[in-house]
Amino acid sequence: MNEIAKTETFYGACPHDCPDTCSMLFDVKDGRLEGVRGNPDHPMTRGGLCVKVKNYEERHYHPDRLLYPMKRVGPKGSKQFERITWDEALDTIVSRWSDIIEKYGPQAIAPYSYLGHQGLVHGLNGGDAFFNRLGATVMERTFCGEGSCTAWLLTLGPTAGLDPESYIHSKYIVIWACNSVSTNLHHWAIVKDAQKKGAKVVVIDAYASRTAKGADWHICPKPGTDGALAMALINSIIEQGLVDQDYVEKYTLGFEELKERASSRTPEWAEEITGVPAADIRKLAYELATEQPAAIRMGVALERHYGGGQTIRAVSCIPGLTGAWRHVGGGVTQFPVWEHPYKFDVICRPDLIPEGTRVVSNLQIGRALTGELELDPPIMSMMCWNSNPVTQAPETDKIVEGLMREDLFMVSAEHFISDTASYADILLPASMGAEMEDMILSWGHLYLTYNTKCAESPGEAIPNNEIFRRLAARFGFEEENFKWSDGECLEHYVDWSSPACEGADLNYLREHGYWRLKVGTPDDRAPHKEGNFPTATGKCMFMVEGAKNFVAPPFRQMYEAFQPGEDLDPLPDYIGPRESHTNDPELARRFPLNIVSPKSHAFLNSCYANMKDKQHVQGEQFVLIHQADAEERGILEGDRVRVANDRGAFKGVARISEDVRPGVVVATLGYWRQLNEGTVNSISSPKFGDMGHSPTFSDNLVEVSRAN
Ligand SMILES: Nc1nc2c(c(=O)[nH]1)N[C@H]1C(S)=C(S)[C@@H](COP(=O)(O)OP(=O)(O)OC[C@H]3O[C@@H](n4cnc5c(=O)[nH]c(N)nc54)[C@H](O)[C@@H]3O)O[C@H]1N2
Ligand SMILES: Nc1nc2c(c(=O)[nH]1)N[C@H]1C(S)=C(S)[C@@H](COP(=O)(O)OP(=O)(O)OC[C@H]3O[C@@H](n4cnc5c(=O)[nH]c(N)nc54)[C@H](O)[C@@H]3O)O[C@H]1N2
Ligand code: SF4
Ligand SMILES: [Mo]
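All values reported here derive from a predicted model rather than from experimental measurement.

Participant: So what's going on with the sheet that holds strand β9 (residues 200-204)? Which residues, and what values?
Facilitator: Spatially, five strands are ordered β10-β9-β8-β12-β13 in an open sheet, and the strand pairing comes out parallel. Since the sheet does not close on itself, it has two edges, and those belong to β10 (217-219) and β13 (331-333), each with one partner. Within this sheet the neighbouring strands show an average axis-to-axis angle of 20°, counted without direction. The pairing of β9 with β10 spans three bridges and is parallel. Residue Val202 lies in a different strand from β10, and its bridge partner there is Trp217. Along the sheet face, helix α9 (residues 226-239) touches β8 (172-176), β9 and β10 and points at about 150° away from the line of β8.

Participant: Report on the pattern of salt bridges, specifying residues and quantitative values.
Facilitator: In this structure the tally under the stated criterion is 49 salt bridges. As a salt-bridge pair, Asp486 and Arg469 come within 2.4 Å of each other at their nearest N and O atoms. In this pair, Asp486 sits in helix α20 (residues 486-493) while Arg469 sits in helix α19 (residues 464-474), placing the two residues 17 residues apart along the sequence. By the burial criterion, Asp486 is buried, and Arg469 matches it. Via salt bridges that share partners, Asp244, Asp246, Lys250 and Arg326 belong to a single interconnected network.

Participant: A description of unusual backbone geometry should follow, citing residues and the corresponding values.
Facilitator: Residue Pro293 is reached from Gln292 by a cis peptide bond, and omega for that bond is -5°. Position of Pro293 among the secondary structure elements: in the loop between α13 (278-290) and β12 (294-298). Each neighbour pair has its own omega, and for Asp376 with Pro377 the value is 0°, a cis peptide bond. Here the phi dihedral of Asn386 falls at roughly 60°; this positive angle occurs in a residue that is not glycine. Tracing the backbone shows Asn386 in the loop between β15 (381-385) and α17 (389-392). On the basis of relative accessibility, which here comes to 12%, the residue Asn386 falls in the buried class.

Participant: Go over the domain arrangement of the protein chain with me, naming the residues and quoting the values.
Facilitator: Along its sequence, the protein chain is carved into domain 1 (8-53), domain 2 (70-142 + 350-516), domain 3 (162-333 + 542-567) and domain 4 (585-706). Taking the mean C-alpha position of each, domain 1 and domain 4 sit 32 Å from one another. Contact residues are listed per partner, giving six residues for domain 1 and nine residues for domain 4. Buried surface at the junction of domain 1 and domain 4, both sides included, amounts to about 630 Å², of which 61% is carbon and sulfur.

Participant: For a negative patch on the surface, give the residues involved together with the corresponding values.
Facilitator: Taken together, the side chains of Glu488, Glu491, Asp505 and Glu511 present a region of like negative charge at the surface. Position of Glu511 relative to the elements: it lies in helix α21 (residues 506-512). A residue is classified by how much of its surface remains accessible, and Glu511, at 56% relative accessible area, is exposed.

Criteria and cut-off values
- The residue numbering used here restarts from 1 in each chain and proceeds along that chain's sequence as written.
- By the order in which they are written, chains take letters starting at A while ligands take numbers starting at 1.
- Thresholds applied to this predicted model are a pLDDT of at least 70 for local features of residues and 80 or more for the giving and counting of side-chain atom pairs; totals over whole chains, interfaces and linings are not thresholded and use all residues.
- Excluding hydrogens and water, the side-chain values take into account all heavy atoms of the structure.
- Pairing between strands is defined by DSSP: at least two bridges between them are needed.
- Counting from the N terminus, the helices are the DSSP runs of H or I reaching at least four residues and the strands are the DSSP runs of E reaching at least two.
- Helix axes are fitted only over the stretch in contact, all axes being lines through C-alpha atoms; the angle between N-to-C directions runs from 0 to 180 degrees.
- We call two residues in contact when some of their heavy atoms are within 4.5 Å.
- The rule for a salt bridge is simple: a side-chain nitrogen of Lys or Arg has to be within 4 Å of a carboxyl oxygen of Asp or Glu.
- Working definition: with a 1.4 Å probe on protein chains only, accessible area under 20% of the residue-type maximum means buried, over 50% means exposed, and in between means partly exposed.
- By convention here, the domain bounds are inherited from an automatic or database domain assignment.
- By buried area we mean how much accessible surface two parts lose on assembly, using a 1.4 Å probe and totalling the loss over both.
- Residues with no salt bridge and a relative accessible area higher than 30% make up the patches, which join like charges within 9 Å and nonpolar side chains (Val, Leu, Ile, Met, Phe, Trp, Tyr) within 5 Å.
- Per-residue accessibility takes into account occlusion by the displayed protein chains alone, with areas from the Shrake-Rupley method and a 1.4 Å probe.
- The convention is simple: Lys and Arg are positive, Asp and Glu are negative, and His and the chain ends are not counted.
- Taken as the charge location is NZ of Lys, CZ of Arg, CG of Asp or CD of Glu.

Below you can see the structure in the form of structure tokens.
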């Protein structure tokens, strides 16, 4: 080890909730992070980081960083805090929680976390195990991908599917509801390379996103109607005689039933619903079946409407029909995470949940806090870490109303005084990326990625897991997992004896930074060439008899894993959006515009939206609106507009654009409420989609008007 004042380089991993999970190099001098780089050796990172993280050191030492434990000294939400010691902070928490437990029982305490840090140790663990042991309410985390997971598992089982790196071998690439340029940049680079080699790139998106603009063909269905498009593709593939009969017979189940179901879902029928010309649907069906290897990359956004789960089932059937799975570079990609050997039962300890503990959805936290959900006992305390529901969860106004409750004891562990942390009674400063050891989960590639603790935490910040270790000690929890060091956690959290890890252990990761799982290489991997789907039948399930809804692991605890919910349709089909002119004409009369609220290019959810340089790249909150809709409302380019429905309102600047179709507006996510007037989630519905309690962020009607 070299002494001070010499720059040393360590392996890092981007901890953000991003499919790329970049392998990084941290340059550290004197315990301080001096700079970051993408690891040039990593086959997906390829030496580059995105605009968000390229100067990650500036986030570490940002002047607004939360450095000390604090207590609230002004009214709730006033952001008046005073520094206290860790002892005072933890003693206060233990004493307030003990009182609440005595009076109301432990379920009156609610944890609220997500993947603000995506590490196995500081993201997924700690909190869950601790709160399960405490007997707190279980907070179901179905922000992202849960409808998609349910649909995927029903159809194909827990397979990583098509390797994102194999797209270099694809001849035809469909990116469906994914804005890769902003949200999956390192996959986009591979897609671009394939395009240079002659592959055709098709983007199916509700507006002309950056990615759609880089495609050879942009198909633009109305938001939430993708299920109709997918069913019509199935119809047309069958009608045009393009089914790989041999593949279907050997490796799929339910073809006749699917054929029957799809028979009336013609391209003309879908044109009516989606606005995509029938001729285009036929052409897409033809090309998808004949230009092999054909790849489909489904974005998380595909699930964000009422029928999202059914849509993803339908899309997941397509490569089974065409036989695309036969080829390296053919098939469909959802989350490659399914073949990562993580031990979620050890990480989250669902076995510690007392029987009969209630489950509340993180999408309905506003209703839970305000009492609209009628919980007994009511939620009397919430602890939030790794998440910022006031910008990110639906019904923001209700969340704020709930957080303003004088009788609610609110704890936030954070890097910054976020919109949610603003309402805390106790603030706890959390360590950041380079300041803690971890392995970062990736849901977007097939590598394990290691992060070295190489910089000192500024002030008195400590890692999330240390916060829970200290709380567990104060509560006298004896389970050994509460005593493991971060390194010991990693030893326990990964199934190092699994075939995918053959040749690797934690030391290997420490020395090399990343490890490609042994599940074939991008150049030879065709996992379902001969079926081998990890479903109950080993087949691709076009039809699932007795299908039931469920909330799937691994992005949350396994408490409810595979426990059956309500009956589902045995076959995929189109379910229209809940808030639409067809389904709810009365609502549509008052709120005629369909809003889509995707990710911002320069923010990572709400992270970075407080940083000047990112604000500069991203620009102010905008609302894309078509000329026809703008004219009808007397809105001019650059006008300040108010976007509203019965749930709330936010403001932004009108951008009149051909990138959106009439009837659709787009406003990206992440802008802080404390820096703007409202957020896009002021108007979002807390209702679930059809599967996995998924969100319905793309299923909201609004009206837009001039604000001044
Ligand atoms: N309208 C609309 N809403 C959406 C979506 C959408 O597309 N449209 N997308 C949804 C999706 S996909 C997701 S994943 C969710 C994301 O929702 P959230 O996970 O709530 O997203 P963030 O805003 O990034 O919040 C993460 C917070 O954790 C903090 N944090 C980061 N690292 C650490 C750490 O190590 N320790 C602690 N204690 N805190 C840390 C950050 O400072 C930040 O405030 O939002 C959902 N909301
Ligand atoms: N820059 C940046 N990158 C991110 C994030 C971020 O906040 N910023 N967040 C990370 C997270 S948590 C996630 S989950 C991923 C998400 O990554 P993506 O799935 O790419 O998420 P979005 O950008 O929300 O949506 C992608 C596209 O889907 C479109 N879309 C929305 N609804 C529909 C629909 O009903 N039909 C169709 N066809 N298209 C629709 C949107 O217009 C958008 O262009 O990104 C990750 N990466
Ligand atoms: S946010 Fe995504 S693309 Fe950017 S550095 Fe992190 S993992 Fe890579
Ligand atoms: Mo997400």
